[in-house]
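# Chain and residue survey
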Amino acid sequence: MAAPVVTPLLQWSDADGNPYAGGSITTFIPGTSTPKATFVDPDLTAANTNPVVLDAAGRSLMYGDGEYRLLIKDSAGNLVADIEATTIVSAAMAPVVAAPTIADALVMLGIDDLIAAEAAARAAADSAEQAARIAADNVLTGLTTGLRTDLDAEIARATAAEADLQDQIDGTPGAPLVQSGSAATDGTGTHAVTFPTPFGAPPVVVATVRGTALPAFWLAVDATATGFTIWASIPLADMAVHPAPVAYNWIAAGTT
C-alpha cells in the first residue's frame, strides 16, 4: 500500500489563494495553551521560534513530534484558524517508518535482537536443566547400585549361615531344629507358611523385610508347631496401621 509524501515546508493562504505573508503559527499541546515546540530539522535538534513567523510567500518549515494544536493568525494578528494537527508518527517511530523493508524495520525496533537474546537464554536454560537432570540421575543410580550390592551381600551371608546351621542340626530327633525361607505377603498383608519339618512345639520365628531399604514395615508372627501366619503393615502419616504387601525372610528355631 502506498502512502502520501508529506513535506514539512507548508504554505498558508486565504480563500482567494493570497499567502498569509508575515502571519504566524503558534503551536501548543492539543487542548491546552501550553506551548509545544516545532523544529527546523528532522533530527529535532534546532527549535523554531514559537510562534513561527510565515515568510513573504506564507510558508513555514516545521518538523514536529506527535500531536499539536495550531493557532494560525494573519499579519495583523487576526485569528485565521485554531486547529489540531499531527505528525502521524512520533519521533521514536520515525526511523522505523522510514525503513525501506519490514526486515529493516524489525532491526530498527530491536525485535531481531530481542528474539536472538530470548533464544540464547532459552537454550542456556535448557542446557543447564539437562545437565542438572543428568547429574541427579547419576547420583541416584550410584545410591541405588550401592544399596542393592550391600543388600545382596547381606542376604547371601545370612542364607549361607542359615544353611550351615541347618546342615548341622537338621534331622536329629529331639535335637534343636532351625528352618528358614523366603516368602511374601499378599495385598492384605498376610501370608501362611507350613514348616518343611514340623517342630515338637511352637518355635521362635523371626521375620525380616527382604529386598527393600525401607525399615518402616511392622511384622507380626503367630507360630504353631507346623507353621506360622505373618501380618505385615506400615504406619503412615496419620499414625494408623495399614496392611501392606512385603517380601520377607524368616527363620524358625525350636526342637523336633
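Since this is a predicted model, take the numbers as computed values, not measurements. (Residues numbered from 1 in each chain as written. Predicted model: local features only at pLDDT ≥ 70, side-chain atom pairs only at ≥ 80, totals over all residues. Heavy atoms only, no water.)

Take unusual backbone geometry next. Cis rather than trans, the peptide bond between N50 and P51 has omega equal to 20 degrees. Relative to the assigned elements, P51 resides in the loop between β2 (24-28) and β3 (52-53). Positive phi values are uncommon outside glycine, yet L44 reaches one of about 60 degrees. Mapped onto the elements, L44 comes out in the loop between β2 and β3. (Helix = DSSP H or I, 4+ residues; strand = E, 2+ residues; numbered from the N terminus.)

A separate point is the packing of aromatic side chains. Overall, the coordinates contain four aromatic pairs when judged by the stated rule. Their ring planes at 55 degrees and their centres at 5.8 Å tell us that F195 and W250 sit as a pair that is tilted. On the criterion of sequence distance, the pair formed by F195 in the loop between β8 (190-194) and β9 (204-209) and W250 in strand β13 (residues 247-255) is long-range, its members being 55 residues apart. Accessibility classification places F195 together with W250 in one group, the buried group. One aromatic cluster in this structure is built from F195, F199, F228 and W250. Seen from the ring of Y68, K36 lies directly overhead, with NZ or CZ sitting 4.3 Å from the centre. Here the guanidinium or amino end of R69 rests over the ring plane of F28, the centre of that ring lying 5.1 Å away. (Phe/Tyr/Trp six-rings, centres within 6.5 Å; stacked < 30°, edge-to-face > 60°. Buried < 20%, exposed > 50% of the residue type's maximum accessible area, 1.4 Å probe, protein only. Lys NZ or Arg CZ within 6 Å of the ring centre and 35° of its normal.)

Moving on to the side chain of S24. Along the chain, S24 turns up in strand β2. We classify S24 as buried; its relative accessible area is 14%. Apart from the residues within four sequence positions on either side, S24 is in contact with P51, V52, V53, L54, L71, I72 and K73. (Contact = heavy atoms within 4.5 Å.)

A few words now on the sheet that holds strand β6 (residues 79-86). Read across the open sheet, the four strands follow the order β3-β2-β5-β6; overall the sheet is antiparallel. Among the strands making up the open sheet, the edge pair consists of β3 and β6. In this sheet, β3 lies alongside β2 in antiparallel orientation, the contact comprising two bridges. Within β3, the residue paired with S24 across the bridge is V53. (Pairing = 2+ DSSP bridges.)

With that settled, consider the sheet that holds strand β7 (residues 176-184). The three strands are arranged β7-β13-β9 in an open sheet whose pairing can be described as antiparallel. Of all strands in the sheet, those bounded by a partner on one side alone are β7 and β9. Across this sheet, the average inter-strand angle for adjacent strands is 15 degrees, counted without regard to direction. Two strands pair when backbone bridges link them, and β9 and β13 are joined in this way by six bridges, in the antiparallel orientation. From the neighbouring strand, V209 faces β13, where its bridge partner is Y248. (Axes fitted to C-alpha atoms, helices over the stretch in contact; angles between N-to-C directions.)

Let's shift gears to the nonpolar core. By size, the foremost hydrophobic cluster in this structure holds twelve residues: L177, A183, V193, F195, F199, V205, A207, F228, I230, Y248, W250 and A252. At the level of secondary structure, the elements contributing two or more residues to this core comprise β7, β9, β11 (227-235) and β13. When residues in this core are grouped by element, the largest group, three residues, is from β13. Setting aside residues up to four positions removed in sequence, A207 forms contacts with L219, V221, I230, Y248, N249 and W250. (Core = buried A, V, L, I, M, F, W, Y, C linked by side-chain atoms within 4.5 Å.)

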